[in-house]
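One-letter residues, chain by chain:
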Amino acid sequence: MSEFLRDYLTVIWFGAAALAIGAILLGAAALVRPSHPNFEKSIAYESGVDPVGIGWSQSQIRYYVFALLFVIFDVEAVFLFPWAANIERYGAFGLIVMVVFIVLLLDGLVYAWKRGLLRWV
Amino acid sequence: MSAVLAVEVPYWGQSLLRVLGGLVAVLLPAGTIVYLFLFKMMSFMQSRLGPMEAGPYGSLQLVAEVGKWMQKEDLAPENADRTIFKMAPLVVLVSTFLLVAVIPFGPDAYFTNFAVGVFFGLAVSSISVLGILIAGWASANKYSLLGGLRAAGQLIAYELPLVLATLGVVIQAESMNFQEIVVAQNTGAIFGFEWLGNPFIFTQFIGFLIFMIAVQAELTQAPFDMPIAESELVSGYMTEYSGFRFLIFFIAEFATAGIFALIASLLFLGGWGVPFVWFDWNSLDDVSWWMNLVGPLIMLTKMLLLTFIIMWVRFSYPRFREDQLQTFAWKVLIPLSLANIGITAILKVAV
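What counts and how
- Residues numbered from 1 in each chain as written.
- Chains lettered and ligands numbered in written order.
- Predicted model: local features only at pLDDT ≥ 70, side-chain atom pairs only at ≥ 80, totals over all residues.
- Heavy atoms only, no water.
- Helix = DSSP H or I, 4+ residues; strand = E, 2+ residues; numbered from the N terminus.
- Buried < 20%, exposed > 50% of the residue type's maximum accessible area, 1.4 Å probe, protein only.
- 1 Å grid on protein atoms, 1.4 Å probe; cavity = no way out; pocket = protein on both sides within 12 Å on 5 of 7 lines; lining within 4 Å.
- Points joined across faces, edges and corners; volume = space filled by probe spheres on them.
- Nonpolar A, V, L, I, M, F, W, Y, C, P; charged D, E, K, R; others polar.
- Contact = heavy atoms within 4.5 Å.

Caption draft 1: How the structure looks around unusual backbone geometry. Residue and element names in this part refer to chain B. With an omega of 0°, the peptide bond running from Ala222 to Pro223 counts as cis. On the secondary structure map, Pro223 appears in the loop between helix H10 (205-218) and helix H11 (230-233). Of note in the backbone geometry, Ser47 takes a positive phi value of approximately 55° without being a glycine. Here Ser47 is to be found in the loop between helix H2 (11-45) and helix H3 (61-70). Even without a glycine there, the phi angle at Ala140 is positive, about 55°. Summarising the element assignment, Ala140 is placed in the loop between helix H6 (127-138) and helix H7 (142-173). Using a relative accessible area of 4% as the deciding quantity, one classes Ala140 as buried.

So, in structure tokens, the structure goes:
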């Protein structure tokens, strides 16, 4: 197997190790801990007041616009990394192209800013 | 790693060693940070002694804590979505373990040697957001839901400055491989003066500041601790967790703090290396084998230094308001880090 794939296999072992550690810890605790469930204990804790309705209540999602902006800028970063790692090879041409790219996206941020989307309302 | 041991180790043996090493690299920083900073330093800063009973100067307090958490009943709220409620801490823990896999501790002492190590690290670090969002949603608790949503909003907002600050380092080192970034810092020179190498903290100081602020927010440490703001949301997405499931969240939080400090020391402080000019090394192949033993100690020292700063800020500053948080990320940090990238790139190409 190539070195490249072996590195990814190591990552899988690390993930498996994390799950194993979690399982061992919880399993060991299961041998020791008490289990006396009753109704009072299983009520959601909302500062001692009995909860009204269920927990999945409607609330205003203010993160919607931020999530969209995040996707745009994260994809920008994906494109910037390969250029950054080879910056000398692309030289001045690459620099100008990438500056245009960044400015275009920055323009989007300024637009969102001017529209008041970055305000927390 | 087989080069260190000088004997050929079979693949399963290598993997076992790596996993054990990874375990140490996750649990040792977490334990050290919690005892040294969270228990002792915070107490001294607040003019009290902190834990003193368990062991000399309370040094066995961690063992006592684990014993305590072990005996707690494993509760889940009645309305909760039980399967994913119980799964959420494990998702966060897996994210932490995947993140530690990219960190090199010496010329041969690494777990994985990805050509795109920086990229991989940034990618897996955001898996923990998923675990937090799951925890907040599955609890069926209004405080948890709000905490989970706040955490998601905060983590994605500060992910961008983190990524963009890293980009400045990638431009300077011209590589996304952690080993090559370390070598680039230790073989570099500042204005022809090469005794110190060129730790990127000097040339990328703005990047370093942005990175550390973003790390503070990614770890939800005060002043960025709105997702678990005690006075507003009880304990945010962790409210309904008890016993070992809570402890797993807790371990993962402080282990991630240590790992982010390790990443910051690799990117900005020269990582495991010493300036190569001290020993007449020219490239990674020249580095002596004993750096595999000294490297982890250097990394540990730098990690303690950076986590000290993170915890110092945590204990010193009051919480931001929620709107200030998003404003700060989008209107200050992101334009600043884009400007930093532009200037770095222009200087790199022009000079």
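Caption draft 2: A look at the layout of surface pockets. All names here are of chain B. Of the pockets and cavities examined, the largest pocket occupies roughly 600 Å³. For the lining of the largest pocket, the secondary structure elements donating two or more residues are helix H9 (200-203) and helix H14 (322-350). Classifying every residue of the lining of the largest pocket gives twelve nonpolar, seven polar and two charged.

Caption draft 3: Broad picture of the side chain of Ser125 of chain B. The residue Ser125 of chain B is located in helix H5 (residues 117-125) in this model. Ser125 of chain B has contacts with Ser95, Leu99, Glu159 and Phe260 of chain B, leaving out every residue within four places of it along the chain.

Take it as geometry only, folks, not as evidence of what the structure does.
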